[in-house]
Protein chains: 2
Amino acid sequence: MWERAEIFGKSVIMNIVEFAKCLNLSIGTVSRALNDRPDVSPKTRQMVLEKAQELGFARNANARHLVTGRTFLIRLECPYNADVLSDRYLIEMARALEEETHAHNYNLLLRLGRRREGMETEMYSVDGLVVIGAPEVSPDDFNALTRRGRTPAVLIDGPEPSDFPNASHVCVDTQPGVREALQYLADLGHRRVGYIGSGFPGQHVRVRLPELMAEAGLIWDPALAVEAGVTRQEGSEAATRLLQMANPPTAIFARTDVLAFGAIEAAQQLGLSIPGDVSVIGHDNVEIATLVNPPLTTVAIDIPQVAKAAIRALLEMIEQKAAPSIESCGAHLVIRKSCGPPTAAALAVR
Amino acid sequence: MWERAEIFGKSVIMNIVEFAKCLNLSIGTVSRALNDRPDVSPKTRQMVLEKAQELGFARNANARHLVTGRTFLIRLECPYNADVLSDRYLIEMARALEEETHAHNYNLLLRLGRRREGMETEMYSVDGLVVIGAPEVSPDDFNALTRRGRTPAVLIDGPEPSDFPNASHVCVDTQPGVREALQYLADLGHRRVGYIGSGFPGQHVRVRLPELMAEAGLIWDPALAVEAGVTRQEGSEAATRLLQMANPPTAIFARTDVLAFGAIEAAQQLGLSIPGDVSVIGHDNVEIATLVNPPLTTVAIDIPQVAKAAIRALLEMIEQKAAPSIESCGAHLVIRKSCGPPTAAALAVR
DNA sequence: CTGTTAGCGCGTTCAA
DNA sequence: TTGAACGCGCTAACAG
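Residues numbered from 1 in each chain as written. Chains lettered and ligands numbered in written order. Predicted model: local features only at pLDDT ≥ 70, side-chain atom pairs only at ≥ 80, totals over all residues. Heavy atoms only, no water.

Labelled according to an unreviewed UniProt entry, chain A appears under the name LacI family transcriptional regulator, originating from Capsulimonas corticalis.

J.: Would you mind showing me how to read the packing of helix H10 (residues 232-243) of chain A against helix H11 (residues 257-269) of chain A here?
T.: All names here are of chain A. Contact pair H10 / H11: the axes reach a minimum separation of 7 Å and the direction vectors enclose 50 degrees. Judged by the inter-axis angle, H10 sits oblique to H11. Considering how the two elements wind past one another, H10 and H11 form a crossing that is right-handed. Here H10 contributes Arg232, Glu234, Gly235, Ser236, Ala239, Thr240 and Leu243 to the contact with H11, which in turn contributes Val258, Leu259, Phe261, Gly262, Ala263, Glu265, Ala266 and Ala267. Looking at the contact of H10 with H11 residue by residue, the class counts come to 8 nonpolar, 4 polar and 3 charged. (Axes fitted to C-alpha atoms, helices over the stretch in contact; angles between N-to-C directions. Helix = DSSP H or I, 4+ residues; strand = E, 2+ residues; numbered from the N terminus. Parallel < 35°, antiparallel > 145°, perpendicular 65-115°, else oblique. Left-handed = near helix turned anticlockwise from the far one by under 90°. Contact = heavy atoms within 4.5 Å. Nonpolar A, V, L, I, M, F, W, Y, C, P; charged D, E, K, R; others polar.)

J.: Mind showing me how you'd approach helix H4 (residues 61-68) of chain B here?
T.: Counting along an α-helix, one turn takes 3.6 residues, and residues three or four places apart therefore face a common direction. By the burial criterion, the buried members of H4 of chain B are Ala61, Asn62 and His65 of chain B. Projected onto a plane normal to the axis of H4 of chain B, the buried residues spread over an arc of 100 degrees and lie on a single side. If you follow the buried residues of H4 of chain B, they end up packed against helix H4 (61-68) of chain A. The distance from a side-chain oxygen at the start of H4 of chain B to the backbone nitrogen of Asn62 of chain B is 2.7 Å, and the residue carrying that oxygen is Asn60 of chain B. Remark: Gly69 of chain B follows H4 of chain B within two positions and exhibits a positive phi of approximately 75 degrees. (Buried < 20%, exposed > 50% of the residue type's maximum accessible area, 1.4 Å probe, protein only. Arc of directions from axis to C-beta. Polar contact = N/O pair within 3.5 Å; in protein donor to acceptor, adjacent residues only side chain to side chain.)

J.: Just checking my understanding: could you explain the sheet that holds strand E9 (residues 225-227) of chain B for this structure?
T.: Strand pairing in a sheet is mediated by backbone hydrogen bonds. Such pairs are either parallel or antiparallel. Residues and elements named next belong to chain B. Pairing within the open sheet is mixed, and its 6 strands lie in the order E9-E8-E10-E11-E12-E14. Every interior strand has two partners, whereas the edge strands, E9 and strand E14 (331-334), have only one. Averaged over all pairs of adjacent strands, the angle between strand axes in this sheet comes to 20 degrees, irrespective of strand direction. With 3 bridges joining them, strand E8 (residues 193-197) and E9 adopt parallel strand pairing. Of the residues in E9, the one forming a bridge with Ile196 is Val226. Along the sheet, helix H7 (residues 175-188) contacts E8, strand E10 (251-254), strand E11 (279-283), strand E12 (297-301) and E14; its crossing angle with E14, the most-contacted strand, is approximately 35 degrees. Along the sheet, helix H11 (residues 257-269) contacts E8, E10, E11 and E12; its crossing angle with E11, the most-contacted strand, is approximately 160 degrees. (Pairing = 2+ DSSP bridges.)

Rendered as structure tokens:
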């Protein structure tokens, strides 16, 4: 059924030899015309292109890949299983990467789920690899993924660059966004800002929080920084603790949007309005952030920028055999409706 | 840098000839061992496999594809641009399809954005195509996609099967889920159930609503069926109209979750509690359905089932040259917290 | 069971 | 500017 069938007495699947024969040209000329080479007369090229359209001739991609050694395919690897919300980040990143690869005439091969053992040798031959969201990826994993370093790779938000000198890195640095967020709160008139952390150790933001707060002209009080976890419930509990303090913060900055949702919930349960009585800022710009009430102001990683940087680095390695590079991308503040100036009463408390 | 480099004095990229030479075997034997053919002695196979691992030999996929005419690649096409919420459906479908293809040792090539003109001849050679969510796909589009029908294709929730007899079809029939939903409401004690439609003409569910209602033992009153649109706001307005009737429904079934969100909002603004005073059921099982308050009971399309059916149909065409098939997949009810028994007062009204 | 050989379809030399 | 011939790396058919 899908074989070299006959339609109207003509072989449907044509190779370049048969096609060239139809045009009374040699395959060399046809190939050059199709590849847009300069050494073909314009009208020959024109004719070849038209006839290809007319006869429905398309070159066999596999043969081209064999002879050129290129596939124009880039594979996206997500070595870890994420929950739904961080998936949102992955999905948006995948979309951005896909757009970027298409813009360069590459295709993106997606692998959302876990890698299966033993598929290494059966895996598709790709020109490059994007490994995303895998701070914990091991050298062994990396070797398996890249066929012992033979396939150019770029790691987004991956492990320490120094551990994988053969790969390019795009590091996501959220500090600019956090800085913006704190400055925004300060400009609104806040002085005491609470922080709800996600409990992960060694987060740059957490570590540099005192400094960042001070920089924005905010008060740094260790009692205002609590570690929660990842769920909305945990965010709610942490916010409740903060808001019931004798001298509560007038704004809360949560390490993730989900924690911020919990904080909003907690404030509302305590009878506080947002942003009237308390301001809340999240982090991640999760899709739902626009749909909660009030829509959440949040720190957003610039996903298109990260995708652009990653694909650029990868293509430089693929096409120009460039050495691996390291780039850092920032984040910025997305202002919606969960922040406002503190009330006079709240300010009076301290 | 990524060339046939020398590491430890040995060529890193090895072809099957060089590999066979290392083993003192012929390439034929090596090929058969690697392909798991029966006509190789077990210990030869064993040796070949071990040595391949040890020397890091992997066959050139492109050469295999050329000679076998197969790539084990399936491309997913989404010909239309969807909004964020229906994207959610696409994304979940993509995940399910990806799992399914991997289970069969195929890879899924994703194309989330719009197709670009002129990429036809440059497109990757794939074994099959899944076209999703394109009821409006035209024969021309279809021909371009399938290289004039040469590439096996399956359409998920596509146009009338009769219009594309060369493709397999997986139709999504939500009626079983709707039936379940209505029965669930009836079992809770409801009699008067309102319906908020999305305004699309010719929806099977809408057309058969009287019948489905009657089947569940519910009252069919045309006044209780209103057409809204697609936004939350429209859902809210429609629900307000329903709930302000002299003899209002005790439950509302909305054609989409977004409309249901609007209905919940409307009820709450009217001072009605959910599910205390009014029950609400949605349709689509959008991600956010679990996050609203109360979590929304909704009709869910069985995405894994659809994906399974699609891949099965496609692989039958690819591997067994089977004729195109048509299959219908159902939906089911996901019970969360937006439904309860009607209040005695509400029942007394009628 | 193993070795040998002929293509798969194309890009890319070299001559003409 | 064009044509002829070689080879990319592999599978499959056939011969031993």
